[in-house]
Amino acid sequence: MSLTSHTAVVRRLIVSPGPAPQEQAPVVASAAAVSAVLRAFGRSPEDLPARTVVLIGSAAVDPALRAEHEGFTVLTTATPGLALRRAHHELHLGTADLALVAGFGEPDAHTITVYAVKRAAEAVADGDAVLGVLDMTATAHAPEATPTLRPLHQNPRGTDPDRHRLILWSGRNAEDEARVRGELLPMLSGIHREAYPALPTAVPCGTPPGPVRGAAVAVSALAARTVHQARAVDVSRPRPVALLFPGQGSQHAGMAAGLYRREPVFTAAVDAALSHMGEEGSRVRADWLDPKRAAIGIDDVRRAQPLLFAIDYALGKMILSWGVRPTAFLGHSAGELVAATFAGVVSLSDAVAMVQARVREAVKIPAGGMLAVAASEERLRPYLTDGVGIAAVNANQQVMLAGSDKPLGEVADRLRADGLTVVTVPATSPFHSPAMAPASDAIETDYREIPLREPRLPLYSGYTGTLMSAEAARSPRFWADQITDTVHFRNALDELLAADDVLLIEAGPRQTLTAFARRHRSVRLGAGAVSPLLPARAGTPEADRQSVLNAAARIWTEGHDLDLNAIARLWTWSDEDAPAAAGSTTPHTPAKTLVA
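From a predicted model like this one, the values you see are computed outputs, not experimental measurements.

J.: Please explain unusual backbone geometry as it appears in this structure.
T.: Cis geometry marks the peptide bond from E106 to P107, where omega comes out at -5 degrees. The backbone phi angle of E70 is positive, close to 55 degrees, even though this residue is not glycine. Topologically, E70 is positioned in the loop between β3 (68–69) and β4 (72–77). With phi around 55 degrees, S333 is a residue other than glycine that occupies positive phi space. Tracing the backbone through its elements, the reader meets S333 in the loop between β14 (328–331) and α9 (335–342). In this structure S333 comes out as buried when scored by relative accessible area, which is 6%.

Right, here's the structure in full:
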């Protein structure tokens, strides 16, 4: 079943908007009742997505009820069934990110049944405890009837004994850790390879993890040796986690494809992001999964930016599904839109629209590119021309230039002639240069229609080099200027690492930001650390999964507790053999997420 074509009910609650039932008349769809619906699940309306719509299913509507209440759209239908169908339509049309459907008079005349309804793929990516999906076909003959709520089936299993898996262990102190490891080693040495994937993820089982920890990533044949050689770490004070999201230039053919259909949250999140791109999303997916037959190359802005957004977003969602709660976000260039999504500035659907606007206007600009130069910003200023600008300052001796093809090529020749190391960045558009000014002006018009909010979590901006302010976050001009302005990644990283001793996780391909962070003084001195999620270069699907498991091991040995069931899906879950739906290849949802 393709999740992208379904809507999911993630919560259902019966509320009474007034006094005790024996004192009430039948409930009427009024302003007070809609206020009760907005607060039904214990969240303040300010915490709801900006594109939340309230759908009323009731024949009795107060004539004073307006089409907007407390800043949210209110739509009325005659029955709860029609309201649920309208919710499905609004969600897949893209005009809503969350629908609160209120069935007035359900289950009795004095109460309201409130359903929280989302697109199914987004619900899985968000880790919602989904009650089930709405089956619109079962009641097609009676559209006013409430659609059937149908649970999804048990997910496929893929327990290949020759795949890498994660083994975690801990102890109350060094002696206890040694004892636990000593008990684990004979088990690994004598276990049959077919049983290897079914071993517990962490030992000892059933007790809280201790502060002295070890971790190993290995296939069955090497498990005992790898565990024996692993170093135990005392993690009495875990470093908080911050996520880094790379932008264009980090992409490569087949990036992260080894996780698709082998990790359910990642898969659902990729599909959720691509589904908001319409038919183009299907084409992006096809080119990604079969690079040899791709209609458009991965370095073209039409592929690089939409796919990088989807991959970065999906990796971030996967980390959250492990139970990790990042305390800050920092994105590089287009990665800042991903960071803004996680910080609550913009919804997924609107962030995708912002990416698409960037792409649409970028292709109208004459071809250009970017150069990575091993030199300081001051050293490079004499080489700049009207058509070439400083695109990014990534580290003290790592600067990017950008411009149209001819002037950029001339600058590259001068730099090489003067003995400077110059590397061409894989890009076909001159992002972060004056050449992009017409595109910037055009997308500002589009961005004015997008609800932008103040960050709910710390969001460091590469454009200001510091924490993003509420004013910047809510400014369409700020976001439009990003395609012309310099990225001050070094300054933003300085601010982030000065705020705390953090563990940086790069949620994206190629390890570009990891390399910059490793050169940072704080990281070199141990007052901060960095770990990539994906390999530094294209490799096998198993290399993608192994790299992700190594990052999970690092998070564990930093002292963070993990959702062991979620982690285990990396070696026990697979949907690779399921037939692909037309235009989409979405997995069955993990049974853990779904409740019948």
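J.: Help me understand the environment of V352, please; the structure alone is not making it clear to me.
T.: Counting through the fold element by element, V352 comes out in helix α10 (residues 348–362). Each C-alpha atom, one on V352 and one on M277, is 7.0 Å from the other, the two residues being 75 residues apart in sequence. With sequence-adjacent residues up to four places away left out, V352 is seen in contact with A273, H276, M277 and F309.

J.: Just to check I follow, could you spell out the sheet that holds strand β21 (residues 503–506) for this structure?
T.: Strand pairs in the sheet, formed through backbone hydrogen bonds, run parallel or antiparallel to each other. Read across the open sheet, the 6 strands follow the order β20-β19-β14-β13-β21-β22; overall the sheet is mixed. Edge positions in the open sheet fall to β20 (466–467) and β22 (529–532), since each of these has one partner strand only. In this structure, strand β13 (residues 241–245) lies alongside β14, joined through 4 bridges in parallel fashion. Its bridge partner lying in β14, L244 is registered against L330. In the packing of α9 onto the sheet, the strands contacted are β13, β14 and β19 (459–461), and the crossing angle to β14 comes to about 160 degrees. Against the sheet, helix α19 (residues 541–557) contacts β21 and β22, and its axis sits at roughly 155 degrees relative to β22.

Calculation rules
Residue positions are given per chain, counting from 1 as you read along its sequence in written order. Local features in this predicted model are restricted to residues of pLDDT 70 or higher, and side-chain atom pairs are both shown and tallied only at a pLDDT of 80 or more, whereas totals for entire chains, interfaces and linings draw on every residue. Calculated side-chain values reflect all of the structure's heavy atoms, with hydrogen atoms and water omitted. Starting at the N terminus, helices and strands are each numbered in turn, a helix being any DSSP run of H or I of at least four residues and a strand any DSSP run of E of at least two. Exposure categories follow from relative accessible area, calculated using a 1.4 Å probe and restricted to protein chains: below 20% of the type maximum is buried, above 50% is exposed, and the middle band is partly exposed. We call two residues in contact when some of their heavy atoms are within 4.5 Å. Between any two strands, pairing holds if DSSP finds at least two bridges. With axes taken as lines fitted to C-alpha atoms, and helix axes fitted only over the stretch in contact, angles between N-to-C directions fall between 0 and 180 degrees.

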